[in-house]
Every structure is written in structure tokens, then in C-alpha cells.
Amino acid sequence: MIDLNGMTPFAEGDNRLCFIHPDNPRHCLKVMKPHLADQQYTDAPWYKKLRGRKALNDNEREISAYHQRAIVHGGDQIWHHLPRWHGVTPTTLGDASETDFISDDQGNPAPTLEKLLKQQGTDPVVTASLQQLEAWLRETQVLSRNLLPHNIVAKTIGPRYQLYLIDGLGPPTVASILGWSEAWRKHYIERRIQRMWLRANWEAGGREGQWSDIERADR
Ligand SMILES: Nc1ncnc2c1ncn2[C@@H]1O[C@H](COP(=O)(O)OP(=O)(O)O)[C@@H](O)[C@H]1O
Ligand SMILES: [Mg+2]
């Protein structure tokens, strides 16, 4: 069991705390924030409750997300934009999802795309990195939920950025209940790509207007 007591997370999202693995600085351990799993279940809509309490936990969802067909049968290119997943690791703060830690050359956490968009907008370098991610999504057919800039981190490689999807992997609940056809899968990925650009441009432009209104207008 990994002891995380007294350790400071290097980052956190709405649901999870992220730690550098104490025995392996190249790995990241993500644990659910205390009591959040129960709260999420209480607040969830009926169709999400259908899949049970476990499926709502972000780490449980990540397990099935990493077992999706495109990843299991994909080649090495899968890992060009995804941190490798190393399974579930027990810690003193509960089960952790263990993945590669995406860092810069000094071992600091790679910045989020959200931060880059705020600092430099969709300049040619950021745009090229998004175009590369877009091509990878089409090629690999990896399924994700909406591609949000705070769930993507950017590793600097020479003059460019390599983007990694560190959260939001896997299809949405309703889609995995109803199943997939090839045509639907392709259509679904195109929609995610379209939304990714819409969101990136909205953030780069200083978040003018409500995101929910912009999303609605795009339906
Ligand atoms: N593998 C990773 N490498 C580097 N930074 C990460 C990694 N995973 C998460 N992070 C950082 O931690 C933050 C929160 O992680 P995330 O998985 O999105 O948590 P949550 O499930 O709570 O949304 C991210 O926005 C990112 O800055
Ligand atoms: Mg997140």
C-alpha cells in the first residue's frame, strides 16, 4: 500500500487529487477526493445511476475507458497522445489510477492547454498541436467525452507541443448503453473534434459569453 498521507498533490481537478508516485517520479497517482463518490451518485441523473455506483467513480470509469477497443487493439501510436495506464494501485487515500506523469524536462508537471490558451491563444504552435491531436483522434478512433482544455496537458518538445489527454477518456454513459455502429462512431468523433475547436477558440478569445449558450448554438 502506497502511503500518501502528508504528501501534497501537484494538481487537482473537480473530482481527484493528483500525486507524483513516491517510489516512481515518472508515474502519477490519482485518487478520488474524499466523500465525492457518494455525492456524485446522489446527484447523478437516472440513466447514469443505471450503471451503478462504481461506474460513476472517475477511476472506475477510467479503467473501462482504457479497455476500449481502439486502445486495446491500437498500436504504439495510441500513446502519442495518451499517458500509459498502469492499473489501480491501493493507497492510504483509497484506490488510485496510476498513469504516466506528463512533465517537462525538469520534472515539473506539464501545463494544461487551458493555461496555454490563456497565455498565447491559438497561435500557430498551439494550433499545430491541436491539429495533430485531431488527426490522431480520426486515425485511432479513440473515444473520449468532450475534449476540454483543462483535461489536456502540453509537453514541450523542441519548438512544439505534444498534447496528452489526461482525463475525459471513454464514451459517455448513454452511448455505451445504446452501443455503437461504425458510422455513429465516426460521426461522434467528428463532433468531439468540432467541439474541441469551438471550446479552444472560446477560451483563447477570453471566454466571451456563456459556454452553455455557445454549445447550444452549435447543436
Ligand atoms: N498524467 C498527468 N500528468 C501531468 N499532469 C496531470 C496528469 N493527470 C492530471 N494532471 C493534472 O491534474 C489536473 C487534474 O487531473 P484530472 O485527471 O483532470 O482530475 P479530475 O478527474 O478531478 O478532473 C489536470 O488538469 C492536470 O493539470
Ligand atoms: Mg479533469
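Everything numeric here is computed off the predicted structure, so don't read it as measured data.

**Describing the site of ligand 1**
Logical step 1: Close to ligand 1 lie 22 residues; Ala11, Gly13, Asn15, Ile102 and Asp167 are nearest.
Logical step 2: Counting residues per element, the ones that place at least two in the shell around ligand 1 are β1 (11-12), β2 (16-21) and β3 (24-32).
Logical step 3: Among the residues making up the shell around ligand 1, the classes are represented as 10 nonpolar, 6 polar and 6 charged.

**Things to note about the sheet that holds β3**
Logical step 1: Strand order across the open sheet formed by 5 strands is β1-β2-β3-β5-β4, with antiparallel pairing between neighbours. Either end of the sheet is taken by a strand with one partner, and the two such strands are β1 and β4 (85-91).
Logical step 2: One ladder, built from 5 bridges, connects β3 with strand β5 (residues 94-100); its direction is antiparallel. Across the sheet, the residue bridging to histidine 27 is aspartate 100, located in β5.

**Side note on helix α4 (residues 58-66)**
Logical step 1: Within α4 the residues assigned to the buried category are Asp58, Arg61, Glu62 and Ala65. Down the axis of α4, the sector holding all buried residues measures 105 degrees, keeping them to one side.

Criteria and cut-off values
Residues numbered from 1 in each chain as written. Chains lettered and ligands numbered in written order. Predicted model: local features only at pLDDT ≥ 70, side-chain atom pairs only at ≥ 80, totals over all residues. Near = placed C-beta within 6 Å. Helix = DSSP H or I, 4+ residues; strand = E, 2+ residues; numbered from the N terminus. Nonpolar A, V, L, I, M, F, W, Y, C, P; charged D, E, K, R; others polar. Pairing = 2+ DSSP bridges. Buried ≥ 20, exposed ≤ 12 C-beta atoms within 10 Å, placed from the backbone. Arc of directions from axis to C-beta.

Worth remembering: the numbers are spatial, not functional.
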